[in-house]
Amino acid sequence: MGAAVDIARGETLIGKRVPKMDAPEKASGRTRYIHDINLPGQLHAKILRAGVVHARIVSIDTSAAKALPGVHAVITAADVPWQRPIGVAKDHLPLKTDRVRSPRDEIAAVAADSAEIAEAALRLIKVTYDPLPVVTSAEDALRPGAPLLHGEELTWTAPDGRREVLHAPSPDNVAMTFNYAQGDVARGEAESDTVVEDVFWLHYVTHCCMGVSGVIAEFDADDNLRLYSNTQVPFLHKREFAELLGIDPGRIRVIQPPIGGGFGSKLDIYPFEPIAIFLAKITQRPVKLIFTREEEFLASPTRQPVLLKLRSGCKRDGTLTFRTVDTLHDNGAYTSWGATTPFVMMQTISSLYRVPHCQYRTRAVYTNNPYAGSFRGYGNLQATFAVEAHMDKLAEAVGMDPVTFRLRNAQEPGEITPQGMHFKSCGFKQCLETAALRSDFRRKHNEYRAKWHDSNPLKRGVGMASMLHVGGGAKIYPSDGCGTILKIDDFAHLTLITGASEIGQGSETVLAQLVCEELGLPLSAVTVVNNDTDITPWDVGVHASRTTFVAGNSAIGAARKAKAKILAAAAAKLELPVERLGLRAGCVVETGSGNRFIEIGKLIRSLHFSDKAELVMTTHYYEPPSQHQDREFKGDVSAAYAWATQVAEVEVDTMTGIVRLLRITGAHDVGRVLNRLGIEGQIEGGIVMGQGYATTENLIVENGVVRNPSFRDYKLVTAPEIPAIDISFIETMDGEGPQGAKGVGEAPAICVAAAVANAIYNATGVRLYALPFTPENVYRALKGQAQPPVWRVAS
Amino acid sequence: MSGISNYVAPRSLDEAAELLRAGNVTLLAGGTDLMPQSRNGRTQLRPTLMSIRRVAELRGISEAAGNVRIGALTTISELRDSVLVRERLQALWQACDRFASDQIRNAATIGGNICNASPAGDTLVPLLVLDAQVELASKSNGTLATRAVPIADFLLGPGQTARAATEILSGIVLALPPRHFISSFFKFGTRPALDISLISVGLAARRAGNALHDVRVAFGAVAPRPIRAPAAEAALEGKALDDGVIAVAAAAAEAEIHPISDVRASDWYRREMVRNMFTRVLAHVRDR
């Protein structure tokens, strides 16, 4: 444990163990989440969902619900003819008009005096349906003659009668495709001494945020919309809501109460948000809509399930030659960010290791299943699972140990990959070596393997996997930047106004540290304001592990401007050259000697209350020096890249199939540790999320229906299951990163499942190609009763 | 909109039985099953909700004349904290130790766990192998009377028991096991906490040297109600435990169970686990 930082002595804050600024509020139960906010005159909304999988809506009768005392509004699509489709492909109307494509689909909504009355009103709504044939899998959706989910164009008619086509028909159920190629895979295969091909199945999981989804919408007397929202992208959504309502974005204010978990789930607009807005508009009252936990399971997004066929080769000396990948993504009934995860998957496939020849083809296909959004890792867990299984298989085939084989193909600093990613800092080889050393990997790998045929039903194994992920933003929108406003008051108290959202990841604390480091002030001198679009400067949103990097650089930029202003004033006042002055421990000091000249607060007061009456307030906008990819998905999309290797040590009970994680040894290239306590927590949390993906979590979807919408049967990892976790930080001091740091929010979750799969193989000699590794799935595989995934995809 | 029009909280068993006689009453004890089930619509609450939590005579564990009596309102935590239960009724203690979570153990009662009659109910399998009887109190003819029913006859199917609508399950009575009596419960779930049994195994017997006598075997979550397994019991009766006997008993057990496939497991896996875990329990007893 690091000692407490003594800011008075001018010690650095960087790399120290700094408790999160919001921790006392959260730990003492004072934090006011959206669930705790109640506005005067507020109504409570509930949504009627279809409950049927695929059907025509024949009729909806809301008369009895409208007549229930306490009900203020009951709406269906007919009441909002001006509603526009939402989502990434604009294929999804908030309230369904003539057809439902998923049991979660929104048919009607009620605003009432209480949630109980709204609930009762839902039960009075009568809907008749005409069933349609159900498309239960992506393979089925591609079969000739399959029912079409979006076979008709989706049009919108403006109030003036103008008609726009907002979503073109999908005549083959294909929602989105991504294709990428580098080199010549045929040549790569010809040069290979060993080729392996397998099919992998990556299952449904969902975010399970402790705070369920919710929103409060209200219009003021001038018809401006105020939205209390858990969004991760307030500025992008402000624009989208404006489009949806046909109003000027300037009239929308998004306020973000503390968010009870995001993990990517709040990157898109979902129907409940426009529905709450419609109800607020119609009732002219604030409308609050909070999901039940069951609704959260049924109607919040999932991680994208993927069927993936991978063919890889290498030479006898272990050099990788090529990779050919085909994937089929089950898009679900509508398109959200899940459809775009191939964008991230291809980075791992092309650039985690040096592979000269790659081909990647992928389709996201409409079905009647739940629809997939973005989820921590954004496709990278799925891609890494397949790639790292093949790294072990190829290593075994050429008689190399997994570490040596990976080291032979690992990226190095300075590499520009065929996809155009430029690894300016890269600690991948140190990650591999450190994780292998600290887990005693090579010795254990040999020893455990020798015990496959022992009589002991408990088998142990070690497995490793590595990952590459963006760590310096991701340039997908016109700007990947973030703005900061920094105000220093006359008592040297800082107000750090940042566009970056806090979603529990600890950004407030890290940003405050970075600013204090520049200005020589203690953390207690900082208030962070980050939750109101009428106040905060623009930011693209909290996603892509970008906040520390992008918002951090932005905050440092604002702090440096403030520092320059303070030092210039001090130089004038003290009649000393500015080069001799620095800021430390709340004072203007002499650089070198550290002699104190004047307290910063006093200096600012003398500036403020003088003839010139100057305030110290600065702004800065930081745009990372990354590139948009071209049409072939080539380009350096991030300003920095994060690396990691994790080794899982497991115990497999061959009588039950229970896989117990004993230890995860992780080595993470984080650029530089800013808040040691924070980054340890983030990495431990990510590992546990990866453990859930690997071993326990499974959203069971049968014929379009979620069978386990509760924590009773959707199993999160519980405390006794969490393994010992050993984390090493590889500090590569990224040249562009704030104080050398890179973003690592998603990194820790990405390779756990892949490492566990390799560990199960090392323990038992049985390789699993499908997640999750629940006891029954593992037991079946051990008994030779598992059906491995197969590629039966119409071309 | 629960449909409850009346809430009553009697302070004596007599008063409770009287209120129950009037009919249309839902009984509330710990509420850990009743509340979620009424919310998800599996249980319809009747117009009168009667909390029996103030009825002091339904609480506590006592021992008299070679019998143990456990009041219906005894919580799972109280059972787990009881020295008598831990030392003499090991199978029941083990079930309470693996029961849900602390919060649920603090609220859930043994009477409630029995009346909920889940095929996977944790305390039911130990009570079966301990030959427990349930005590039912009622005032059907004006005076408070009780009858005793063996637990095996009390459990009829999922959520179904032999309790009449006018009866309260007031307690559980079982003979204090003799010396050299062993009992064991093994809950098999997919995780070590907060889990519903995929299958569970109960075993009780008098041990004489290496041999088991008066053997009782029960399984949970493999049939519409927790069941005794007489063929497995017969295969073990009087025998010294060795690999051969264990294999015969495990095979016999497999023929006595009727597991289903659901979201938690397939019938095939449940069968495999009954065989493997019953084998493991017996091997553990042998090696102890």
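Residues numbered from 1 in each chain as written. Chains lettered and ligands numbered in written order. Predicted model: local features only at pLDDT ≥ 70, side-chain atom pairs only at ≥ 80, totals over all residues. Heavy atoms only, no water.

Notes on the side chain of Gln182 of chain A
All names here are of chain A. With respect to the helices, strands and loops of the structure, Gln182 is situated in strand β9 (residues 174-182). For Gln182, a relative accessible area of 2% puts it in the buried group. Looking at Gln182, its side chain comes within polar contact range of the side chain of Tyr180, at 2.5 Å. One polar contact links the side chain of Gln182 to the main-chain carbonyl oxygen of Val355, over a distance of 2.8 Å. Apart from the residues lying within four places of it in its own chain, the contact partners of Gln182 are Ser350, Val355, Pro356, His357, Cys358, Pro418, Gln419 and Lys634. (Helix = DSSP H or I, 4+ residues; strand = E, 2+ residues; numbered from the N terminus. Buried < 20%, exposed > 50% of the residue type's maximum accessible area, 1.4 Å probe, protein only. Polar contact = N/O pair within 3.5 Å; in protein donor to acceptor, adjacent residues only side chain to side chain. Contact = heavy atoms within 4.5 Å.)

Here we look at the packing of aromatic side chains
All names here are of chain A. Scanning the model with the defined rule gives 21 aromatic pairs over all chains in all. For the ring pair Phe178 and Phe633, a centre distance of 5.3 Å and an interplane angle of 40° mean the geometry is tilted. Of the two residues, Phe178 is situated in strand β9 and Phe633 in the loop between β25 (616-622) and β26 (641-653); the sequence distance between them amounts to 455 residues. Of the two residues examined, Phe178 and Phe633, each falls in the buried class. Taken together, the ring pairs in this structure connect Tyr353, Phe423, Phe428, Tyr641 and Trp643 into an aromatic cluster. Sitting over the ring of Trp156, Arg84 keeps its end group 4.1 Å from the ring centre. (Phe/Tyr/Trp six-rings, centres within 6.5 Å; stacked < 30°, edge-to-face > 60°. Lys NZ or Arg CZ within 6 Å of the ring centre and 35° of its normal.)

Topic: the environment of Ile60 of chain A
Residues and elements named next belong to chain A. Mapping Ile60 onto the fold places it in strand β2 (residues 55-61). As for Ile60 and Ile125, which are separated by 65 residues in sequence, their C-alpha atoms are 7.1 Å apart. The contact partners of Ile60, leaving out residues within four places of it in the chain, are Thr76, Ile107, Ile125, Lys126 and Val127.

A word on the domain arrangement of chain A
Residues and elements named next belong to chain A. Taken domain by domain, chain A holds domain 1 (7-31 + 481-622), domain 2 (34-134 + 212-259 + 266-299) and domain 3 (306-474 + 630-782). Spacing between the C-alpha centres of domain 1 and domain 2 amounts to 40 Å. The interface is formed by 18 residues belonging to domain 1 together with 15 residues belonging to domain 2. Between domain 1 and domain 2 lies a buried interface of about 1400 Å² when both sides are counted; carbon and sulfur atoms form 53% of it. Area buried by domain 1 at its contact with domain 2 is led by Ile503, Asn531 and Thr533, which between them contribute 35% of it. The tally of links from domain 1 across to domain 2 stands at two salt bridges. Here Arg253 makes a salt bridge to Asp534, at a shortest N to O gap of 3.5 Å. Linking domain 1 to domain 2 there are five residue pairs in polar contact (both at pLDDT 80 or more). Partitioning the side of domain 1 that touches domain 2 into residue classes produces five nonpolar, nine polar and four charged. (Domains from an automatic or database assignment. Buried area = accessible area lost by both parts, 1.4 Å probe. Salt bridge = Lys/Arg side-chain N within 4 Å of Asp/Glu carboxyl O. Nonpolar A, V, L, I, M, F, W, Y, C, P; charged D, E, K, R; others polar.)

Looking at unusual backbone geometry
All names here are of chain A. In this model, Leu771 is joined to Pro772 through a cis peptide bond whose omega is -5°. If you trace the backbone, Pro772 turns up in the loop between α19 (752-764) and α20 (775-782). Positive phi is not limited to glycine here, since Tyr378 has a value of about 50°. Inspection of the secondary structure assignment puts Tyr378 in the loop between β17 (357-366) and α10 (380-397). Non-glycine residue Ala544 carries a positive phi angle of around 55°. Within the secondary structure layout, Ala544 lies in the loop between β21 (526-529) and α15 (547-574).

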